[in-house]
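# Tertiary structure, described
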There are 2 protein chains.
Amino acid sequence: MSDYNVAALSRLVEQFERMPGIGHKSAQRLAFYVLGLSEKEANGCADAIVQAHEKIHRCKICCNLTDGELCPICSSGRRDGQIICVVEDPRDVMAIERTGEYNGTYHVLHGAISPMGGVTPEDITIKELVRRCDGSVQEVIMATNPTVEGEATAMYISRLIKPLGVSVSRLAYGIPVGAELEYADEITLTRALEGRRLL
Amino acid sequence: MSDYNVAALSRLVEQFERMPGIGHKSAQRLAFYVLGLSEKEANGCADAIVQAHEKIHRCKICCNLTDGELCPICSSGRRDGQIICVVEDPRDVMAIERTGEYNGTYHVLHGAISPMGGVTPEDITIKELVRRCDGSVQEVIMATNPTVEGEATAMYISRLIKPLGVSVSRLAYGIPVGAELEYADEITLTRALEGRRLL
């Protein structure tokens, strides 16, 4: 044990160390960055954490994170409410929004069904999605991750909402743009062959 | 510009994005981590930032960061005050402490002289070091970085304190343990040859 042990500093390093993808050295670097801030900046940083935590909650319609009653997409008049894109995580919404190609709404599940991980259908926002399929919705695009859990979740939801008269689709599988065929795994290649389209 | 723009979330992401080594995607990941914390944990995290900033200041003797009047090393009775190891940054103290081989005290410069970067001798804690060399100090080990700035700082300080009857040494240069000779740069190899020792 080193003689140099400053409690307030260790506590700060520990906080950063708990964050995903931050090791001990990075945590130290971030802690020293914080110490180098002006008092106003440090308070601003702490305040952003408290405020985000206090103000951000789930949108009443799509369950995405928002600081209003509805999220900016659900409350926008320009989005097509007849199409719902179902994703696992708010970051997936951001990824799809970045394409600029999608004009429908979203539904954020906040997870995927995983019997091994102890996540049941009740733990994610499936019932909120089913409630939205009240006749006004024409298509639901399943954009859960291409993992075992994401697939199972897509299948489960599909079976629930198809009887409600909703058309259910799934994102296309295939070779990622810019990737090299040589390095594609067999399953992806098989799916790409299955999904081939006439030129 | 995406329709999905939540102010409290963007502010939090921005705060993380300003930190060293954190890009936009990592900042998003950290922000979602914070949102996933319990209220108590999030407040603890914010509090650690404010507290660290409020409580931590420079040790009156060695200028290292501490939350007391003196740092734990300067106030420890077990350290040899006759030897001072001069470093640029508090993290360098931590690195040397981890060796467990050094029993003297430190002096933290908080930078290195850099005419290009606008850092003059007055900007770092050189006068505090000179004040310590009052006859009780026998040896000063210059452990500034092996960069142009670190070298220049070591030379500058050495010229100031040698006349005060202090023996001044410099950390050894050479091949890092575990590295491969093949990949060592020429300057390091030259220094390693110059510093060779009889077996």
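Residues numbered from 1 in each chain as written. Chains lettered and ligands numbered in written order. Predicted model: local features only at pLDDT ≥ 70, side-chain atom pairs only at ≥ 80, totals over all residues. Heavy atoms only, no water.

### Section: unusual backbone geometry
Residue and element names in this part refer to chain B.
- Notably, Cys-63 is not glycine yet its phi reads approximately 70°, a positive angle.
- Assignment of secondary structure puts Cys-63 in the loop between β1 (57-58) and β2 (65-66).
- Although it is not a glycine, His-110 sits at a positive phi angle of roughly 60°.
- Following the sequence through the fold, His-110 ends up in the loop between β4 (104-108) and α5 (126-132). (Helix = DSSP H or I, 4+ residues; strand = E, 2+ residues; numbered from the N terminus.)

### Considering the relation of the copies chain B and chain A
- Once chain B is rotated about the relating axis by 180° and shifted along it by 0.0 Å, it coincides with chain A to within an RMSD of 0.0 Å. Taken together, the turn and the small shift mark the pair as related by a two-fold rotation axis. Relative to the rotation axis, the C-alpha of Ala-46 of chain B is the closest in chain B, positioned 2.1 Å from it.
- Interface residue correspondence from chain B to chain A reaches 100%, placing this contact among same-surface, isologous pairings. (Least-squares fit on C-alpha atoms with pLDDT ≥ 70 in both. Contact = heavy atoms within 4.5 Å.)

### Focus on the pairing of strand β3 (residues 80-87) of chain B
Residue and element names in this part refer to chain B.
- Bridge analysis of β3 against β4 gives five bridges, and the strand direction is parallel. Along β4, the bridge assignment pairs Asp-80 with Gly-104.
- Chirality of the crossover, the property in question, places the unit of β3, helix α4 (residues 90-99) and β4 among those that are right-handed.
- Of the pairings in the sheet, the one linking β3 to strand β5 (residues 139-142) comprises four bridges and is parallel in character. Its bridge partner lying in β5, Ile-84 is registered against Val-140. (Pairing = 2+ DSSP bridges. Right-handed = clockwise from strand over helix to strand, strands pointing away.)

### Thoughts on helix α2 (residues 24-35) of chain A
- Given a rise of 1.5 Å per residue, twelve residues ought to cover 16 Å, and the 17 Å separating the end C-alpha atoms of α2 of chain A matches this to within 8%.
- Inspection of α2 of chain A places Ala-27, Gln-28, Leu-30, Ala-31, Phe-32, Tyr-33, Val-34 and Leu-35 of chain A among the buried residues, and these make up the whole buried set. (Expected span 1.5 Å × (residues − 1). Buried < 20%, exposed > 50% of the residue type's maximum accessible area, 1.4 Å probe, protein only.)

### Regarding the sheet that holds β4 of chain B
All names here are of chain B.
- Taken in spatial order, the four strands line up as β4-β3-β5-β6 in an open sheet, and their pairing is parallel. Every interior strand has two partners, whereas the edge strands, β4 and β6 (167-170), have only one. On average, each strand axis in the sheet is inclined to that of its neighbour by 25°, with strand direction left out of account.
- Its contacts with the sheet place α4 against β3 and β4, and it is angled at close to 160° to β4.
- Against the sheet, helix α6 (residues 148-161) touches β3, β5 and β6, its axis set at about 170° to β6. (Axes fitted to C-alpha atoms, helices over the stretch in contact; angles between N-to-C directions.)

### Digging into the packing of helix α1 (residues 7-17) of chain B against helix α2 (residues 24-35) of chain B
All names here are of chain B.
- Where α1 contacts α2, the two axes come as close as 8 Å, and the packing angle between them is 125°. The angle between α1 and α2 falls in the class oblique. Viewed along their axes, α1 and α2 form a crossing whose handedness is right-handed. Contact with α1, carried on its side by Leu-9, Leu-12, Val-13, Phe-16 and Glu-17, involves His-24, Ala-27, Gln-28, Leu-30, Ala-31, Phe-32, Val-34 and Leu-35 of α2 and no other residues of that element.
- By residue class, the composition of the contact of α1 with α2 is ten nonpolar, two polar and one charged. (Parallel < 35°, antiparallel > 145°, perpendicular 65-115°, else oblique. Left-handed = near helix turned anticlockwise from the far one by under 90°. Nonpolar A, V, L, I, M, F, W, Y, C, P; charged D, E, K, R; others polar.)

### Here's the deal with the interface of chain B and chain A
- In this assembly, 56 residues from chain B lie in contact with 56 residues from chain A.
- In total, chain B and chain A occlude about 5400 Å² of area from one another, counting both sides; carbon and sulfur atoms represent 68% of this.
- Among the residues chain B hides against chain A, the three largest losses belong to Asp-3, Tyr-4 and His-53 of chain B. Together they make up 14% of the total.
- One can count two salt bridges joining chain B with chain A.
- Between Arg-11 of chain B and Asp-47 of chain A there is a salt bridge; the shortest N-O distance is 3.3 Å.
- Looking at the side of chain B that touches chain A, the elements with two or more residues in it are α1, α2, α3 (39-55), β2 and α4 of chain B.
- Of all the elements, α3 of chain B adds the most residues to the side of chain B that touches chain A, at 14 residues. (Buried area = accessible area lost by both parts, 1.4 Å probe. Salt bridge = Lys/Arg side-chain N within 4 Å of Asp/Glu carboxyl O.)

### Overview of the layout of surface pockets
- Computed from the structure, the largest pocket encloses a volume of approximately 510 Å³.
- In terms of lining residues, the largest pocket is bounded by 21 residues, among which Ala-95, Asn-145, Pro-146, Leu-171 and Ala-172 of chain B are the most central.
- Within the residue set of the lining of the largest pocket, elements represented by two or more residues are α2 of chain A together with α4 of chain B.
- Top contributing element to the lining of the largest pocket by residue count: α4 of chain B, with five residues.
- In terms of residue class, the lining of the largest pocket is built from ten nonpolar, five polar and six charged. (1 Å grid on protein atoms, 1.4 Å probe; cavity = no way out; pocket = protein on both sides within 12 Å on 5 of 7 lines; lining within 4 Å. Points joined across faces, edges and corners; volume = space filled by probe spheres on them.)

### Observations concerning the pairing of β6 of chain B
Residue and element names in this part refer to chain B.
- Bridging between β5 and β6 involves four bridges; their strand directions are parallel. Looking at the pairing, Val-140 lines up with Val-168 of β6.
- With α6 bridging β5 and its parallel neighbour β6, the resulting β-α-β unit is right-handed.

### Some words on helix α1 (residues 7-17) of chain A
- Of the residues making up α1 of chain A, those classed as buried are Ala-8, Leu-9, Leu-12, Val-13, Gln-15 and Phe-16 of chain A. Along the long axis of α1 of chain A, the arc covered by the buried residues comes to 155°, so they all point the same way.
- Packing partners of the buried residues in α1 of chain A comprise α2 of chain A together with α3 and α4 of chain B. (Arc of directions from axis to C-beta.)

### Examining the packing of aromatic side chains
- The final tally for this structure, using the stated rule, is two aromatic pairs over all chains.
- Stacked on the ring of Tyr-173 of chain A, the Lys or Arg Arg-191 of chain A has its end atom at 4.5 Å from the ring centre. (Phe/Tyr/Trp six-rings, centres within 6.5 Å; stacked < 30°, edge-to-face > 60°. Lys NZ or Arg CZ within 6 Å of the ring centre and 35° of its normal.)

### Things to note about the sheet that holds strand β4 (residues 104-108) of chain A
All names here are of chain A.
- Taken together, four strands build an open sheet; the order of strands is β4-β3-β5-β6 and the sheet is parallel. Among the strands making up the open sheet, the edge pair consists of β4 and β6 (167-170). Each strand axis lies, on average, 25° off the axis of its neighbour in the sheet, ignoring direction.
- Strands β3 (80-87) and β4 of the sheet are contacted by helix α4 (residues 90-99), whose axis makes an angle of about 160° with β4.

Such coordinate-based values are descriptive only and should not be taken to indicate function.
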